[in-house]
Every structure is written in structure tokens, then in C-alpha cells.
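Residue strings, one per chain:
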Amino acid sequence: ALNSLGVNVARAIGPAVAGLIVSVAGTGAVFALNAVSYTGVIWVLTRWQRESIVSELPTERFVGSLRAGIRYARHAPALHAAVIRGTGFFLFASAAWALLPLIARRLPGGGPETFGLLVASIGVGAVCGAFLLPRLRAMLSRDALVAGATAAYAVAMVALGNFSNLALLCGAMALSGVAWITVLSSLQVAAQMALPN
């Protein structure tokens, strides 16, 4: 959830700023600024001093490790369930991401700013969802969370396909962000819990 929170904070702020930059300076400026922003990441990675963990076990060969992992995954029903549920949700849910630029363009006065607002709304919803998750997990089972979030995402997609009011669509996109992070976090936890220590 913390990892997704960081991604979605960037998703909430980045597209809105990018939409403004595109409208003022064009698309090339956005890509140039994005490239420049990686210099900070590269600087941090070159300075990172990671501590090595010393293990008493013998080292494994890559192919042998890969084979053991695949063998485990083939025989782990809990992992199968998490993968199947994730595929079932994200395969269809990602269609909205692919179609969002077209939807933004067809809206009255739509353009890069509208697209930026819609994507930023998803990010804001996901950030809010990350803060709601601990309370929701205390009240609901993981299965109920995933089912409820899937239904919420479906409602948001119906709104996206049928409405042209920008404020309403921003609300729907925020709901889809809450649903996205809820499913993502729940299924990541389920997959991690299915693995041996």
C-alpha cells in the first residue's frame, strides 16, 4: 500500500501538471522534463550503500532457483487464486486506461488538461483509498474487499462510458482509483501470504 501510495501521489500531481505544460509548451517539453527528473533518481541510486545479507545456505544457481519457483507456483492453490483474480480484474480494468485519452477528447472542451484532470482524479482516489484500507481491512474480509472494489470499479466504468460532465467523471475516476488500489493491495498481500518465508 505504501509503494502504491507513492506511485499514486505522483499520478495525482504529474498528469495535472503535464496537462498544463502541454497546453503552454507542447508535448516535447513534458518528455524533456521527465527525462531531466531521472537525474535525481540516478544520483540517489549511485549513492545508495546497500547492506549485504550473509546467508549460511549454499548459493543457488539461477536456472535451479527458477525451476524451484515455477514448481512451487504450479502446486500452490492460494497463489493460483491470487493470480487468477488479479488477471481477471486488471486485464479488463486496464481498458479504461487505454480509452481514457479518447474519452477526455470527446468531452466538451476536452484536451490534455481534461485528460490530466481525469488521471489526477484516479491518483487522488488511490491515495485516499490507501488511507482507507486499514479501516476497511478491519471491517471486511479480503474476499469482500476485492468483490466490493470490483463492483465499485464497474460503477465507475459505467459512468465513464455514459456521462460527459467533467466533475462527475472526476468523481468516477477517484472511485476507480480507490477500487484499483484496494484490489492491487489485497491481491499482492494474498500472493505474498501464499509464498513460503
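Structure: above.
Once a new chain begins, its residue numbering starts again from 1 and follows that chain's sequence as written. Local features in this predicted model are restricted to residues of pLDDT 70 or higher, and side-chain atom pairs are both shown and tallied only at a pLDDT of 80 or more, whereas totals for entire chains, interfaces and linings draw on every residue. Hydrogens and water are ignored here; the side-chain numbers use all heavy atoms of the structure.

Asks: Looking at this model, I keep getting lost on the packing of aromatic side chains. Mind explaining?
Replies: Working definition: an aromatic ring pair is given by the centre-to-centre distance plus the angle between the planes. Centres within 6.5 Å make a pair out of two Phe, Tyr or Trp rings, where for Trp the six-membered ring is used; the pair is then stacked when the planes are under 30 degrees apart, edge-to-face when over 60, and tilted otherwise. Counted by the stated rule, this structure contains six aromatic pairs. Taking the centre distance of 5.2 Å and the plane angle of 70° together, the rings of phenylalanine 89 and tyrosine 153 count as edge-to-face. With phenylalanine 89 in helix H4 (residues 77-106) and tyrosine 153 in helix H6 (residues 142-162), the pair connects residues that are 64 residues apart, well separated along the chain. Ring centres of tyrosine 153 and tryptophan 180 lie 6.2 Å apart, and the angle between their planes is 45°; this geometry places the pair in the tilted category. Of this pair, tyrosine 153 sits in helix H6 while tryptophan 180 sits in helix H7 (residues 166-193), placing them 27 residues apart in sequence. The residues tyrosine 153 and tryptophan 180 share a single accessibility class, namely buried. Members of the aromatic cluster, connected to one another through ring pairs, are Phe89, Phe90, Trp97, Tyr153 and Trp180. Numbering of helices and strands runs from the N terminus; a helix is a DSSP stretch of H or I covering at least four residues, while a strand is a stretch of E covering at least two. With a 1.4 Å probe rolled over the protein chains alone, any residue whose accessible area is under 20% of its type maximum counts as buried; one over 50% counts as exposed, and the rest are partly exposed.

Asks: I keep staring at the packing of H4 against H6 and nothing clicks. Help me out?
Replies: Packed helix pairs are specified by the crossing angle of their axes together with the interaxial distance, meaning the distance between the axes. Close contact between H4 and H6 brings their axes to 11 Å; oriented N to C, the two are set at 25°. Put simply, H4 runs roughly parallel to H6. As H4 packs across H6, the resulting crossing turns out to be left-handed. For the pair formed by H4 and H6, the contact residues are Arg85, Phe89, Ala93, Ala96, Trp97, Leu100, Ile103 and Arg106 on the first element and Asp143, Thr150, Tyr153, Met157, Leu160 and Gly161 on the second. Note on geometry: axes are C-alpha line fits, over the in-contact stretch for helices, and angles between N-to-C directions span 0 to 180 degrees. Between 65 and 115 degrees an angle is taken as roughly perpendicular, under 35 as roughly parallel, over 145 as roughly antiparallel, and anywhere else as oblique. Definitions for this section: a left-handed crossing has its near helix turned counterclockwise from the far helix by less than a right angle. A right-handed crossing has that turn clockwise. Between two residues, a contact is recorded if the distance between any of their heavy atoms is within 4.5 Å.

Asks: Hey, could you run me through the packing of H4 against helix H5 (residues 112-139) in this one?
Replies: Packing of H4 against H5 brings their axes to within 8 Å, and their N-to-C directions diverge by 140°. Between H4 and H5, the angle is such that the two are oblique. When you trace H4 past H5, the crossing you get is right-handed. For the pair H4 and H5, contact is made by Trp97, Leu100, Pro101 and Ala104 and by Thr114, Phe115, Leu118, Val119 and Ile122, respectively. When residues are grouped by polarity, Ala, Val, Leu, Ile, Met, Phe, Trp, Tyr, Cys and Pro land in nonpolar, Asp, Glu, Lys and Arg in charged, and all others, Gly among them, in polar. Looking at the contact of H4 with H5 residue by residue, the classes come out as eight nonpolar, one polar and no charged.

Asks: What is the right way to look at the pattern of salt bridges in this model?
Replies: Side-chain pairing between opposite charges can occur once the charged atoms of the two side chains come close. Whenever Lys or Arg places a side-chain nitrogen within 4 Å of a carboxyl oxygen from Asp or Glu, that contact is recorded as a salt bridge. Per the counting criterion, the structure on display carries one salt bridge. Ionic pairing is found between aspartate 143 and arginine 85, a salt bridge with its closest N-O pair at 2.7 Å. Taken together, the residues aspartate 143 in helix H6 and arginine 85 in helix H4 connect sequence positions 58 residues apart. Under the relative-accessibility criterion, aspartate 143 is labelled partly exposed at 45%.

Asks: Help me understand the environment of valine 41 in this model?
Replies: Structurally, the position occupied by valine 41 is in helix H2 (residues 27-47). A relative accessible area of 43% places valine 41 in the partly exposed class. For the pair formed by valine 41 and leucine 168, sequence separation is 127 residues and the distance between their alpha carbons is 36 Å.

Asks: Teacher, can you tell me more about the state of the cysteines here?
Replies: In this description, the term disulfide denotes a pair of cysteine sulfurs within 2.5 Å. Summed over the entire model, instances satisfying the criterion amount to zero disulfides. Free of any disulfide, cysteine 128 has its nearest neighbouring cysteine sulfur in cysteine 170, separated by 13 Å. The exposure class assigned to cysteine 128 is partly exposed, which follows from its relative accessible area of 42%. What makes cysteine 170 buried here is its relative accessible area of 16%.

Asks: Would you mind going over the side chain of threonine 182 with me for this structure?
Replies: Checked against the element boundaries, threonine 182 lands in helix H7. When its relative accessible area of 3% is taken as the criterion, threonine 182 is described as buried. Beyond its immediate stretch of four places on either side in the chain, threonine 182 contacts Leu133, Leu145 and Ala149.

Asks: I would appreciate a short explanation of the nonpolar core in the present structure.
Replies: Across soluble globular proteins, you tend to see nonpolar side chains buried next to one another. The biggest cluster of nonpolar side chains holds 23 residues, and the ones touching the most others in it are Phe89, Leu100, Leu118, Tyr153 and Leu160. Secondary-structure elements contributing two or more residues to this core are H4, H5, H6 and H7. Apart from the residues within four sequence positions on either side, tyrosine 153 is in contact with Phe89, Ala93, Ala96, Trp97, Ser176, Ala179 and Trp180. Counting five residues, the second largest nonpolar core, distinct from the first, contains Leu5, Ala126, Val127 and Ala130. Among buried residues, those of type Ala, Val, Leu, Ile, Met, Phe, Trp, Tyr and Cys that are joined through side-chain atoms within 4.5 Å constitute a nonpolar core.

Everything listed is a geometric property; what it means functionally is a separate question.
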